[in-house]
Amino acid sequence: MIRNVLLAAARSRAVRAAVEAGPFDPLVNRFVAGTTVDDALAAIRAITTDRLVTVDHLGEDTTDRARAEATVDAYRLLLQRLADGGLADRVEVSVKLSALGQALPVDADKIALESARQICEAAAAAGTTVTVDMEDHTTTDSTLGIVRDLRVDHPWVGAVLQAQLRRTEADCRDLAGPGSRVRLCKGAYDEPAAVAFTSRSEVDRSYVRCLKVLMAGEGLPMVATHDPRLIDIARFLAGHHGRSAARYELQMLYGVRPRAQSELAAEGLRVRVYLPYGTEWFGYFMRRLGERPANLAFFARSLLTR
Ligand code: FDA
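Residues numbered from 1 in each chain as written. Predicted model: local features only at pLDDT ≥ 70, side-chain atom pairs only at ≥ 80, totals over all residues.

**Student:** Quick one: what's the story with the site of the ligand, residue by residue and with numbers?
**Tutor:** Around the ligand, a shell composed of 24 residues is seen, among which Asp133, Cys185, Ala224, Thr225 and His226 lie nearest. For the shell around the ligand, the secondary-structure elements that each account for two or more residues are strand 4 (158-162), strand 5 (181-185), strand 7 (249-253) and helix 11 (282-291). Residues of the shell around the ligand, tallied by class, amount to 10 nonpolar, six polar and eight charged. (Near = placed C-beta within 6 Å. Helix = DSSP H or I, 4+ residues; strand = E, 2+ residues; numbered from the N terminus. Nonpolar A, V, L, I, M, F, W, Y, C, P; charged D, E, K, R; others polar.)

Structure follows, in structure tokens:
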């Protein structure tokens, strides 16, 4: 119930605009590395001592063409700074297509593809890769279509699949071929039962079925979860399929289980941290609060004790 309210707030343009217009709340810092590229680079430098990073310039549901273009410029600057700082071998970028034009009223897919292509070209020049985030189920076909188009020129472009969607096991089969990079997560959006599993146990079982397909496949599985049981299963399946530590990644969000991230990295596993930064942090932050009621209590307590 609380999760649904938070997820609805996350999609509300009015609430988002009001909250983001205020000062950057230090509490947000737990999940968001800051508002500027310099903030992001400082956090990246600390993490890359033992882990890899994928960095997200925050933004979503953009209905304004100029903002979509500004997002492309922000990624170009970020990628240039990563290259200049000698970080491109440990840091890639993640992008949301709805920040690049996918939610525009006219020519949405065409503009999102063109914008994503420009980011891929900047990433190639910097010497790194791009992974395309997955948003709610109404965008899945469009997003996978755009990933397919991008992969013609840039076969290293990664896709995200959400175990909560009933279609995802089949999507894993389609995407498990040579050279593919698939980030498997549970799914952060409130989805209807017609398209999604709604109980935790069903989502977890779907996650395991999808993992089996990806680990048996020929691509790079990117196991995006903080769930210790699923991480153990991923490690077991990797071993079962003869995958060395270099042939899959464990991925977690900035600010979530950081000690576990470092412990797994110390065991010699490839651990990548999804690190968001930027002024449009509200939707992302609300999804993080919704994932764990304790976060909400912590947030409320901190506000009350200021
Ligand atoms: P689950 O929610 O069951 O959490 C397992 C345990 O992890 C919890 O018990 C708790 O200890 C800890 N934990 C999880 N979330 C926490 C939080 N917010 N705060 C504190 N502790 C927390 N989703 C999506 O729809 N599209 C996408 O593109 C992506 N991209 C993405 C990239 C990466 C690298 C990750 C790790 C996740 C995503 N997600 C995502 C989010 C994902 O779908 C999911 O909502 C979260 O990862 C939480 O699910 P878990 O698998 O961690 O399990």
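Continuing now.
**Student:** Any chance you could break down the nonpolar core for me, citing the residues and the numbers?
**Tutor:** Ranked by size, the top nonpolar core spans 75 residues in total, and within it Ala116, Leu184 and Leu275 carry the most contacts. Contacts of alanine 116, omitting those with residues within four sequence positions, involve Val95, Leu97, Leu100, Val132, Ile146 and Leu150. (Core = buried A, V, L, I, M, F, W, Y, C linked by C-beta atoms within 7 Å. Buried ≥ 20, exposed ≤ 12 C-beta atoms within 10 Å, placed from the backbone. Contact = placed C-beta atoms within 7 Å.)

**Student:** Which residues make up the confidence of the model for the chain, and what values do they have?
**Tutor:** Low-confidence regions, as indicated by low pLDDT, have predicted coordinates that should not be scrutinised in detail. Averaged over every residue, the pLDDT of the chain is 93; residues scoring 70 or more account for 90%. Taken over the whole predicted complex, pTM reads 0.94, whereas the ipTM for its chain interfaces reads 0.98. (pLDDT = per-residue confidence, 0-100.)

**Student:** Could you give an account of unusual backbone geometry, naming the residues involved and the relevant values?
**Tutor:** Positive phi is not limited to glycine here, since aspartate 61 has a value of about 55°. Relative to the helices and strands, aspartate 61 resides in the loop between strand 1 (52-57) and helix 4 (65-84). Of the residues examined, aspartate 61 has 17 C-beta atoms within 10 Å and is grouped as partly exposed. Look at aspartate 107: it is not a glycine, yet its phi comes out positive at around 55°.

**Student:** So, the environment of proline 228: which residues are in play, and what are the values?
**Tutor:** With respect to the helices, strands and loops of the structure, proline 228 is situated in helix 9 (residues 228-240). Separated by 140 residues in the primary sequence, proline 228 and alanine 88 place their C-alpha atoms 29 Å from one another.

**Student:** Just give me the short version of the pairing of strand 1, but keep the residues and values in it.
**Tutor:** In terms of burial, strand 1 is largely enclosed, as five of its six residues are buried. With six bridges connecting them, strand 1 and strand 8 (residues 271-277) associate as parallel partners. Bridge pairing in strand 8 places threonine 54 opposite tyrosine 274. Both strand 1 and strand 2 (residues 91-95) contribute to a ladder of four bridges, which runs parallel. Paired with threonine 54 across the bridge in strand 2 is glutamate 92. In this view, the connection linking strand 1 to its parallel neighbour strand 2 by way of helix 4 has right-handed handedness. (Pairing = 2+ DSSP bridges. Right-handed = clockwise from strand over helix to strand, strands pointing away.)

**Student:** Lay out the packing of helix 8 (residues 200-216) against helix 9 with the relevant residues and their values.
**Tutor:** Helix 9 packs onto helix 8 with a crossing angle of 25° between their chain directions and a minimal axis gap of 10 Å. With respect to their mutual orientation, helix 8 and helix 9 come out roughly parallel. The two elements helix 8 and helix 9 cross, and the hand of that crossing is right-handed. Within the contact between the two elements, helix 8 uses Asp204, Tyr207, Val208, Leu211, Lys212 and Met215 and helix 9 uses Leu230, Ile233, Ala234, Leu237 and Ala238. For the contact of helix 8 with helix 9, the residue count by class is nine nonpolar, no polar and two charged. (Axes fitted to C-alpha atoms, helices over the stretch in contact; angles between N-to-C directions. Parallel < 35°, antiparallel > 145°, perpendicular 65-115°, else oblique. Left-handed = near helix turned anticlockwise from the far one by under 90°.)

**Student:** Tell me about the packing of helix 7 (residues 168-175) against helix 8, residues and numbers included.
**Tutor:** Relative orientation of the contacting elements helix 7 and helix 8 amounts to 10°, with a least axis distance of 9 Å. The orientation of helix 7 with respect to helix 8, classified from their angle, is roughly parallel. Note on element contacts: helix 8 touches helix 7 through Ser206, Arg209, Cys210, Val213 and Leu214, opposite Thr168, Glu169, Cys172 and Arg173.

**Student:** Give me the lowdown on the sheet that holds strand 8, citing residues and values where you can.
**Tutor:** Taken together, eight strands build a closed barrel; the order of strands is 1-2-3-4-5-6-7-8 and the barrel is parallel. Neighbour to neighbour, the strand axes of the sheet diverge by 30° on average, direction disregarded. In this sheet, strand 7 lies alongside strand 6 (residues 220-224) in parallel orientation, the contact comprising three bridges. Within strand 7, the position partnered with valine 223 by the bridge is leucine 250. In the packing of helix 8 onto the sheet, the strands contacted are strand 4, strand 5 and strand 6, and the crossing angle to strand 5 comes to about 165°.

**Student:** Any details on the environment of arginine 235? Residues and values, ideally.
**Tutor:** For arginine 235, the location among the structural elements is in helix 9. Judged by the 18 C-beta atoms lying within 10 Å of it, arginine 235 is partly exposed. For the pair formed by arginine 235 and valine 223, sequence separation is 12 residues and the distance between their alpha carbons is 9.7 Å.

**Student:** Residue-level account of the environment of valine 147, with values.
**Tutor:** With respect to the element layout, valine 147 can be found in helix 6 (residues 140-153). Owing to 24 C-beta atoms within 10 Å, valine 147 belongs among the buried residues under this scheme. Expressed as a C-alpha distance, the spacing of valine 147 and glycine 158, which sit 11 residues apart in the sequence, is 7.6 Å. Among residues more than four places away in sequence, those in contact with valine 147 are Val132, Val157 and Ala159.

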